[in-house]
Amino acid sequence: PKKKTNFLIGMSQANLGEPWRVAMNDQIAAAASKHPELKVVFADAAQDNSKQIADVENFIQQKIDLLIISPNEAKPLTAVVKKAYDSGIPVIVLDRKVEGDAYTQYIGGDNKLIGKKAGEFVAKLLGDKGGNVVEVKGLEGATPQKERHDGFMEGIKSNPNVKIIVSQNADWLRDKAITVMESILQANKKIDVVYGHNDPAAEGAYIAAKNAKREGEMKFIGIDALPTLDGGIKAVIEGRLSATYVYPTGGKEAIDNAIKILKNGEKVEKSITLDTVEVTKNNAADVYKQFGGK
Ligand code: FRU
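Everything quoted here is computed from the prediction, not taken from an experiment.

About the cut-offs
- Residues numbered from 1 in each chain as written.
- Predicted model: local features only at pLDDT ≥ 70, side-chain atom pairs only at ≥ 80, totals over all residues.
- Heavy atoms only, no water.
- Near = heavy atom within 4 Å.
- Polar contact = N/O pair within 3.5 Å; in protein donor to acceptor, adjacent residues only side chain to side chain.
- Areas by Shrake-Rupley, 256 points an atom, 1.4 Å probe, with all protein chains shown as cover.
- Helix = DSSP H or I, 4+ residues; strand = E, 2+ residues; numbered from the N terminus.
- Contact = heavy atoms within 4.5 Å.
- Pairing = 2+ DSSP bridges.
- Right-handed = clockwise from strand over helix to strand, strands pointing away.
- Core = buried A, V, L, I, M, F, W, Y, C linked by side-chain atoms within 4.5 Å.
- Buried < 20%, exposed > 50% of the residue type's maximum accessible area, 1.4 Å probe, protein only.
- 1 Å grid on protein atoms, 1.4 Å probe; cavity = no way out; pocket = protein on both sides within 12 Å on 5 of 7 lines; lining within 4 Å.
- Points joined across faces, edges and corners; volume = space filled by probe spheres on them.
- Nonpolar A, V, L, I, M, F, W, Y, C, P; charged D, E, K, R; others polar.

Undergrad: What am I meant to see in the site of the ligand here?
TA: The local shell around the ligand consists of Glu 18, Trp 20, Arg 21, Asp 95, Arg 96, Pro 144, Arg 148, Trp 172, Asn 198, Asp 224 and Tyr 247. In the environment of the ligand, an oxygen atom lies 2.9 Å from a nitrogen or oxygen atom belonging to the side chain of Asn 198. Within the side chain of Asp 224, a nitrogen or oxygen atom sits 2.5 Å from an oxygen atom of the ligand. In isolation the ligand has 310 Å² of accessible area, and contact with the protein removes 99% of it.

If you want it as structure tokens, here you go:
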């Protein structure tokens, strides 16, 4: 048989309404544009698990050659990812995980490590006096939510005076974080640190605190560190966030590996872990440049 020369990739995105996911799709499109033999079609599940299942079913029917998926939540997406994989479609899972191991490759940052670094930062920031921490968490069924929480708990262990007084979901969304933080502020007189599971959560909490004229009483920590004008690195430079952590999207790595799988028939590593960088006012300007911020 003639060797296949053109490949169709289906990219199933959890929610394009979030800036970090727009960056992921952009990086996938940019990397793919260097390979004229690749065509990528994108689907956006808008944070709806059933929509994302339908998107993948649709891709299977379209006979895509490879699936890239960043699953909204792990459990609900596991079966359809397995279905694609079992039908012979290579699957690259990005950033959030599914359950089990019915996929070709997972690419993502080390969320547990990032949470741990954030915890250590807070333990040091609060020092011997310790203090009260509010945790604004990500979407309950998304794996980075649990990993960022578990890592943080480990990171603060060294300082017994650090207390998590509230831990609440804001589903990764800035607007939801504003609402959630409004009631937290009302119920709690003394808050020293807000740990947001992503920068939109931290920024949303900051907005709520500022509206209540209390933003000066507490420090804000986020995760993502997008090198954009409204991203987390700028928020550190501008003093709203005390720290954020680079969480690479893996978009370019996904295309690099798709090429290995599709064109070269290579067997790729089961898991690729992407590096992080702690961003504070000491290095924020440098990191911004280093990651191509304009
Ligand atoms: C975007 C996002 C990022 C976060 C990642 C975790 O949807 O919430 O902000 O780092 O997903 O999966």
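Undergrad: I would appreciate a short explanation of the environment of Ile 165 in the present structure.
TA: Looking at the element boundaries, Ile 165 is found in strand β7 (residues 162-169). The residues touching Ile 165, leaving out its near neighbours within four places in the chain, are Asn 132, Val 133, Val 134, Asn 188, Lys 190 and Ile 191.

Undergrad: Before we go on, may I ask you to explain the pairing of strand β2 (residues 38-44) in this structure?
TA: The pairing of strand β1 (residues 7-13) with β2 spans seven bridges and is parallel. Across the sheet, Leu 8 pairs through a bridge with Lys 39, a residue of β2. Viewed along the sheet, the connection from β1 through helix α1 (residues 19-32) into β2 turns out right-handed.

Undergrad: Looking at this structure, how should I read the nonpolar core?
TA: In a soluble, globular protein the nonpolar side chains are often hidden away together inside. Core analysis: the biggest nonpolar cluster contains 42 residues, and Ile 9, Ile 68, Ile 221 and Ile 255 have the highest contact counts within it. Residue contacts for Ile 255: discarding those within four places in its chain leaves Ile 9, Ile 28, Ala 31, Ala 32, His 35, Leu 38, Val 40 and Ile 68. Of all hydrophobic cores here, the second largest spans 30 residues; its members include Val 166, Ala 170, Ala 225 and Tyr 288.

Undergrad: In this structure, what is going on with the layout of surface pockets? I would like to understand it.
TA: Gaps between atoms show up when a probe of the same size as a water molecule is rolled over them. Counted as a void, the largest pocket has a volume near 630 Å³. Contributing to the lining of the largest pocket are 29 residues, with Gln 27, Pro 248, Thr 249, Lys 252 and Phe 291 lying nearest its centre. Sorting the residues of the lining of the largest pocket by element identifies α1 and α9 (251-262) as the ones contributing at least two each. Looking at the lining of the largest pocket, the element that brings in the most residues is α1, giving seven residues. Of the residues in the lining of the largest pocket, the class split is 14 nonpolar, seven polar and eight charged. In this structure, the second largest pocket spans a volume of roughly 490 Å³. Counting only elements with at least two residues in the lining of the second largest pocket, the list comes to α1, α5 (143-156), α6 (174-187) and α7 (199-211).

Undergrad: How should I be thinking about the side chain of Glu 147 in this particular structure?
TA: Its place among the elements puts Glu 147 in helix α5. Among the residues examined, Glu 147 registers a relative accessible area of 16% and is labelled buried. Within the structure, the side chain of Glu 147 is placed 3.5 Å from the side chain of Asn 111, a separation counted as a polar contact. Sequence-distant contacts of Glu 147, that is, excluding residues within four places in its chain, are made with Lys 97, Asn 111 and Lys 112.

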